[in-house]
Amino acid sequence: MSGGPVVNSGRAIADLRELDRRTGGTDGAQRLCWGDGWREARALLGELLGEIGLTAEPDPAGNLWASLEGEQEPALALGSHLDSVPEGGWLDGALGVMAALGVLRAWSEAGVPPPRTLMLVDWADEEGARFGRSLFGSSAFSGALDPAEVRGLRDREGGMLVDVLAQNGVDLDRAPEAASRQERLAAYLELHIEQGPVLEAEGLRAAAVSGCAGVERHRFHFSGQASHAGTTPMDRRRDAGLAAAEYALRVEEIGRRHGGVATTGALALRPGIPTAVAGEAELLIDLRHPQAEELASMLAEALAAAEAVAAKRGCEHASEPVWRIEPIPFDSRLIAAAREACREAAGSDRVLTSGALHDAAEVARVLPAAMVFCPSTSGISHAKQEDTPEPDLATGIEAFGLLANRVLSDPPTGMRAHGLHAERVEQLHERREVRVLGRPPNDRAAAPLELEVRARGHAQVREQGEQVLDPHQPQPGEDRPAPRGQLLERGAKPVQLGRVKPQPRGVAAAVPLIQLHGTVLKHGEALVDGRRTTEDAVADEDAGSTSAFVFR
Ligand SMILES: [Zn+2]
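Remember, it's a predicted structure, so these values are computed and weren't measured experimentally.

Draft legend 1. The arrangement of the pairing of strand β15 (residues 369-374) in detail. In terms of burial, β15 is a largely internal element, 6 of the 6 residues being buried. Burial along β15 is two-sided: Ala369, Met371 and Phe373 facing one way and Ala370, Val372 and Cys374 facing the other are all buried. Of the strand pairs in this sheet, strand β5 (residues 185-193) and β15 are connected by 6 bridges, and their pairing is parallel. Within β15, the residue paired with Tyr188 across the bridge is Ala369. Bridge count for strand β6 (residues 207-212) against β15 is 3 bridges, and the pairing is antiparallel. Within β15, the residue paired with Val209 across the bridge is Met371.

This is how it looks when you write it as structure tokens:
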């Protein structure tokens, strides 16, 4: 059993019904972000928080936070998003916010402070339904949002994102300041509907989520020769339409073979009339897989297949990337805790990967994070038919409450990576993280291990896609997660890997910095036995040294 008060799931479901009554109805949820329905939803959340004596305050990105003070910080954050797609479902996002409120309410009504501060968060514009940029608020929090990239976005009516934000009290240039709250948080948990058919099909009421799949989205173009449909013999055609059709089937097969998902969601032919062989065809394909290596293979095969199909059909082809995001795994300790909570509440022991992106994926870049899924009736979401049977909702909310209480009393702490000799330290693209590649010192032929040190300083060791984690035991009196990963190098002398220095925003030629042994290194510099030197000098100096790290 977990300690802590039980969440009143019936009350949370009643809150969801009230939200639906005010901002939804027979045409589905009308909570498009930054609009009236969304503000109405937030007003209801404000009322409900007021009932337990809490007030909500927005951060610079428009995320709404409420805090129930506990015995210590950093806080445990719980939340999701109140915004919906137009005519969306009543549960997508709203479930996680009302379940989070349920946890705060349970502790508030219990009359004792939680073991650590609880924060509720309603992330702004998760859906991106109006401006096409999903995860706005949570990416501002994680540091992934670049205001310059979204400044020019307009909605269908021509409204500028930057103006609509201003009407809602958000200054786009200051939105990244939302990241300052990272320092106050220990972990993040989110309850969400699955939005797919797996749990329902397996008869399960709740499941832990291992992470969000990575996405590769590409546009492919085939060009052949438009010609008369009546006079061009079949063996003389250069049919771009058939190349595209055959290609779509190849993409499907690639998805199946790798155990991922592959979608041709758009296909356009030109001239697009019944009396002409298509001379031009364009497809948009979307590949997803939870493992980076598999996703990379899927993309490589999709690119090769385009070449092969074009050659077979006598067509030219071209492709361009549209959007990509790497797979984002959740924290393995929190996944384990979520499994236990689901076992206890639902009697199920299932871990799913999310094919959809969630705010938790953004948060997981900088904080230990995990999710719990509830089933979706017929797997339908982003539609007014979206639903989950009430008993399943209740079970999911209870599992989430158990998980929150577990993490409140036993948050993930920093960890120790044993026996890793760092061979290379590199800055990960687009992410304020470094990756350390190394091998166990007693087995230099072993497969390299990766240690990722994230912006906030917690570390994860991965081996061939599997996380190998060894939680660091907190020292007496240690009330924060240990801010460092630790490596043991040659001679078993411990090496402290320090905090990654984020690149200053808006600086075009920013110099990535990392800190090792308390010494700040620039790109191309090295640390040999605690002395800073240049990469070029390492070969000579390394000969008699016990440790050498090159940052490149
Ligand atoms: Zn959602």
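Now that the structure is up, let's keep going.
Draft legend 2. Here's a closer look at the nonpolar core. Counting 85 residues, the largest nonpolar core has Leu76, Leu78, Leu118, Tyr188, Leu189 and Phe330 as the members making the most contacts within it. Counting 22 residues, the second largest nonpolar core, distinct from the first, contains Ile254, Ile285, Ala302 and Ala306.

Draft legend 3. Spotlight on helix α2 (residues 36-51). If you check α2, its first and last C-alpha atoms are 23 Å apart, about what 16 residues at 1.5 Å a residue would give, namely 22 Å. Taken as a whole, α2 has its buried residues at Gly37, Trp38, Ala41, Arg42, Leu44, Leu45, Leu48 and Leu49. All buried residues of α2 lie within an arc of 155° about the axis, which places them on one face of the element. When the buried face of α2 is taken as reference, the exposed residues oriented beyond 90 degrees from it are Asp36 and Glu51. Check the buried side of α2 and you find it contacts α1 (9-23), β2 (64-68), α3 (94-110) and β4 (118-122). Backbone geometry just downstream of α2 places Gly53 in the positive-phi region, at approximately 80°.

Draft legend 4. Structural view of the coordination of the zinc ion. Every protein donor of the zinc ion is accounted for by His81 (NE2), Asp92 (OD) and His192 (NE2), and the metal-donor separations fall at 2.0 to 2.2 Å. All donors of the zinc ion come from a single chain, and their spacing in sequence reads H-x10-D-x99-H. Here Asp92, found in the loop between β3 (75-80) and α3, pairs with His192, found in strand β5; they are 100 residues apart in sequence, far enough to count as distant. Given a relative accessible area of 1%, His192 falls into the buried group.

Draft legend 5. Examining the environment of Pro412 more closely. Assignment of secondary structure puts Pro412 in the loop between α12 (390-409) and β16 (421-427). Along the primary structure Pro412 and Ala186 are separated by 226 residues, whereas in three dimensions their C-alpha atoms are 7.6 Å apart.

Draft legend 6. Quick peek at the packing of aromatic side chains. Across all of its chains, the model carries 8 aromatic pairs by this definition. Relative to Trp38, the ring of Trp34 lies with its centre 5.1 Å away and its plane at 65°, an arrangement referred to as edge-to-face. Of the two residues, Trp34 and Trp38, neither departs from the other in class, the shared state being buried. Each ring, one from Trp65 and one from Phe141, has its centre 6.0 Å from the other, and the planes form 40°; the classification is tilted. Note that Trp65 is positioned in strand β2 and Phe141 in helix α4 (residues 136-142), a separation of 76 residues in sequence. A single burial state applies to Trp65 and to Phe141, both of which are buried. Among the aromatic residues, those joined into a ring-pair cluster are Trp65, Trp123, Phe141 and Tyr188.

Draft legend 7. Spotlight on the environment of Pro176. Looking at the secondary structure, you find Pro176 in the loop between α6 (161-167) and β5. In this structure, the C-alpha to C-alpha distance between Pro176 and Ser138, residues 38 residues apart in sequence, is 10.0 Å.

Draft legend 8. Focus on the pattern of salt bridges. For the coordinates displayed, the defined rule picks out 34 salt bridges. The partner of Arg219 in a salt bridge is Glu282, with the nearest N and O atoms 3.6 Å apart. Residue Arg219 is located in strand β7 (residues 214-223), and its partner Glu282 is located in strand β11 (residues 280-289); the two are separated by 63 residues in the primary sequence. Accessibility expressed as a relative area gives 32% for Glu282, which makes it partly exposed.

Draft legend 9. View of the side chain of Glu216. With respect to the helices and strands, Glu216 occurs in strand β7. Polar side-chain contacts of Glu216 include one of 3.5 Å to the side chain of His218. Here Arg324 takes part through its side chain, which lies 3.0 Å from a polar atom of the side chain of Glu216. With near-sequence residues (within four places) excluded, Glu216 lies in contact with Ile285, Asp286, Leu287, Leu295, Leu299, Trp323 and Arg324.

Quick notes on the rules
- Residues numbered from 1 in each chain as written.
- Predicted model: local features only at pLDDT ≥ 70, side-chain atom pairs only at ≥ 80, totals over all residues.
- Heavy atoms only, no water.
- Buried < 20%, exposed > 50% of the residue type's maximum accessible area, 1.4 Å probe, protein only.
- Helix = DSSP H or I, 4+ residues; strand = E, 2+ residues; numbered from the N terminus.
- Pairing = 2+ DSSP bridges.
- Core = buried A, V, L, I, M, F, W, Y, C linked by side-chain atoms within 4.5 Å.
- Expected span 1.5 Å × (residues − 1).
- Arc of directions from axis to C-beta.
- Contact = heavy atoms within 4.5 Å.
- Donors = N, O, S within 2.8 Å, 3.2 Å for Na, K, Ca; no water.
- Phe/Tyr/Trp six-rings, centres within 6.5 Å; stacked < 30°, edge-to-face > 60°.
- Salt bridge = Lys/Arg side-chain N within 4 Å of Asp/Glu carboxyl O.
- Polar contact = N/O pair within 3.5 Å; in protein donor to acceptor, adjacent residues only side chain to side chain.

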